[in-house]
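# Structure at a glance
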Amino acid sequence: MWCAVAAGGLLGGALRGAEPARPAFRPLDPLAQSVVDSLDARPRTTPAERLDAAIRAAEVDAREAAARYFADLVDSLRDLDDAARPGVLADLGDAVDDAALSRLARAVASTDDDAARVIDAIRDTGRARRRDPQVLRAAAADLAGRDAAARRAAGDRLAAAGVDALPALAGVGGTGAKRPGPGPARGGGRGAAPRGPGPR
């Protein structure tokens, strides 16, 4: 079960301990500063918003802002109940690609010794949920449904799971839908008008 990934101690002591020392950061270029100003223009209060802000800051090498938003994210995770934390971690990992998490890890590594552990927990719980057989079976069922949006979302989830989705997909073809049979032969078949002689 994917919940066990976080409950099993991936976070370890990452949500506890003293505040790490902050290194000196170089001044931002105008583009990076505009990104940070945009991020700071409204409060980021949920774990998803704080992770998104940290990633956006990391993408423009605004490491101080990335570290600040990442610290806020860790505070959010620390404040969660133990029962709720695995689900939130999986939500975060499910919504963000591995490359973005890797960039964030590099950006905040110098400010937080436990950053890699927290980011690994986000990545691994999201990956475990994507591979959960129950989740994949539900996605396969949606793929065979009539709702277009649900089919697209199911396709994305199954594609993200890769080969792990194959067992869930094995039964999709047996949904009872009839495949159309071959049509009547061209120019013939029962009830078709006879063709006249061609031009000589």
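Every chain is numbered independently, its residues counted from 1 as its sequence is written. In keeping with the model being predicted, local features are shown solely for residues with a pLDDT of at least 70 and side-chain atom pairs are shown and tallied solely at 80 or more, while totals for entire chains, interfaces and linings include all residues. Values reported for side chains reflect all heavy atoms of the structure, with hydrogen atoms and water molecules removed beforehand.

### Notes on the overall build of the protein chain
Heads up, the rule is: Elements are defined by DSSP. Helices are runs of H or I of four residues or more, strands are runs of E of two residues or more, and each kind is numbered from the N terminus. Each residue is placed in one exposure class: buried if its accessible area under a 1.4 Å probe, protein chains only, is under 20% of its type's maximum, exposed if it is over 50%, and partly exposed if it falls in between. Residues are treated as being in contact if the distance between any of their heavy atoms lies within 4.5 Å.
Helix and strand counts for the protein chain stand at 10 helices and zero strands. Listing the helices and strands of the protein chain from first to last along the sequence gives α-α-α-α-α-α-α-α-α-α. For the protein chain, with 200 residues in total, the buried portion stands at 31%. Here the analysis covers contacts within the protein chain between residues at least 6 apart in sequence; of these, 69% occur between residues at least 24 apart.

### So, the nonpolar core
One recurring pattern in soluble globular proteins: nonpolar side chains tend to sit buried together. The following threshold applies: By convention a nonpolar core is built from buried Ala, Val, Leu, Ile, Met, Phe, Trp, Tyr and Cys residues, the set being connected through side-chain atoms within 4.5 Å.
Among the nonpolar cores identified, the biggest contains 31 residues, and L51, F70, L104 and V108 are the most heavily contacted of them. Put simply, the parts of the chain that give this core at least two residues each are α2 (30-39), α3 (47-59), α4 (63-79), α5 (85-95), α6 (98-108) and α7 (115-130). Of the residues forming this core, the biggest block, eight residues, is contributed by α4. Those residues within four positions of L104 in sequence are excluded, and the remaining contacts are L51, A54, I55, A58, A66, F70 and I119. Counting eight residues, the second largest nonpolar core, distinct from the first, contains L158, A161, A165 and A168.

### Points about the side chain of R44
Our working definition: Two residue types count as positive, namely Lys and Arg, and two as negative, namely Asp and Glu; His and chain ends fall outside the count. A pair is scored as a salt bridge if a Lys or Arg side-chain nitrogen falls within 4 Å of a carboxyl oxygen belonging to Asp or Glu. N or O atoms within 3.5 Å of each other form a polar contact, as long as, within protein, one can give a hydrogen and the other can take it, and as long as residues adjacent in sequence are counted only when both atoms are side-chain atoms.
Looking at where R44 falls in the secondary structure, it is placed in the loop between α2 and α3. Nearest to the buried, unbridged R44 among oppositely charged side chains is D52, at 4.2 Å. Among the polar contacts listed, one links the side chain of R44 to the backbone oxygen of L39, at a separation of 3.2 Å. Excluding its chain neighbours within four sequence positions, the residues that come into contact with R44 are S38, L39, E49, R50, D52, A53 and Y69.

### Regarding the packing of α6 against α7
Inclusion rule: Throughout, an axis means a line fitted to C-alpha atoms (over the contacting stretch in the case of helices), and angles, computed between N-to-C directions, take values from 0 to 180 degrees. Every angle not falling under 35 degrees, over 145, or within 65 to 115 is termed oblique; those three ranges are roughly parallel, roughly antiparallel and roughly perpendicular. Each residue gets one of three labels, nonpolar for Ala, Val, Leu, Ile, Met, Phe, Trp, Tyr, Cys and Pro, charged for Asp, Glu, Lys and Arg, and polar for the others, Gly among them.
Viewed as axis vectors pointing N to C, α6 and α7 meet at an angle of 170 degrees, and their least axial separation amounts to 9 Å. As far as their axial angle goes, α7 and α6 are roughly antiparallel. Side by side, α6 and α7 meet where D98, L101, S102, L104, A105 and V108 of the first sit next to A115, I119, I122, R123, R127 and R130 of the second. Looking at side-chain class alone, the contact of α6 with α7 contains seven nonpolar, one polar and four charged residues.

### Quick look at the pattern of salt bridges
Within this structure, the stated rule accounts for 14 salt bridges. Notably, a salt bridge pairs R63 with D61, separated by 2.8 Å at the nearest N-O pair. Overall, R63 belongs to the partly exposed group, its relative accessible area being 34%. Note on D61: relative accessible area 29%, which makes it partly exposed. Between R127 and D98 there is a salt bridge; the shortest N-O distance is 2.8 Å. Taken together, the residues R127 in helix α7 and D98 in helix α6 connect sequence positions 29 residues apart. Judged by relative accessible area, which is 26%, R127 ranks as partly exposed. Residue D98 is classed as partly exposed on the basis of its relative accessible area of 29%.

### A few points about the confidence of the model for the protein chain
Low-pLDDT portions of the prediction should not be read for the details of their coordinates. Where we set the bar: A residue's pLDDT is simply how confident the predictor is in it, with values from 0 to 100.
Taken residue by residue, the protein chain gives an average pLDDT of 79. The fraction at 70 or more is 73%. Taking the mean pLDDT of every element in the protein chain, the minimum, 48, falls on helix α1 (residues 3-10) and the maximum, 96, on α3. Contacts for the low-pLDDT stretch residues 1-8, under 50 throughout, to residues beyond four places or in other chains number 17 contacts. Overall, residues 175-181 carries pLDDT values under 50, and its contacts beyond four positions in sequence, including any with other chains, amount to one contact.

### Examining α7
Two residues of an α-helix separated by three or four positions point the same way, owing to the 3.6 residues in each turn. What counts is decided by this rule: What a helix should span is 1.5 Å times the count of its residues minus one.
Its 16 residues place the ends of α7 23 Å apart at the C-alpha level, agreeing with the 22 Å of an ideal helix rising 1.5 Å per residue. Those residues of α7 that fall on the buried side of the exposure criterion are A115, V118, I119, A121, I122, R123, T125, G126, R129 and R130.

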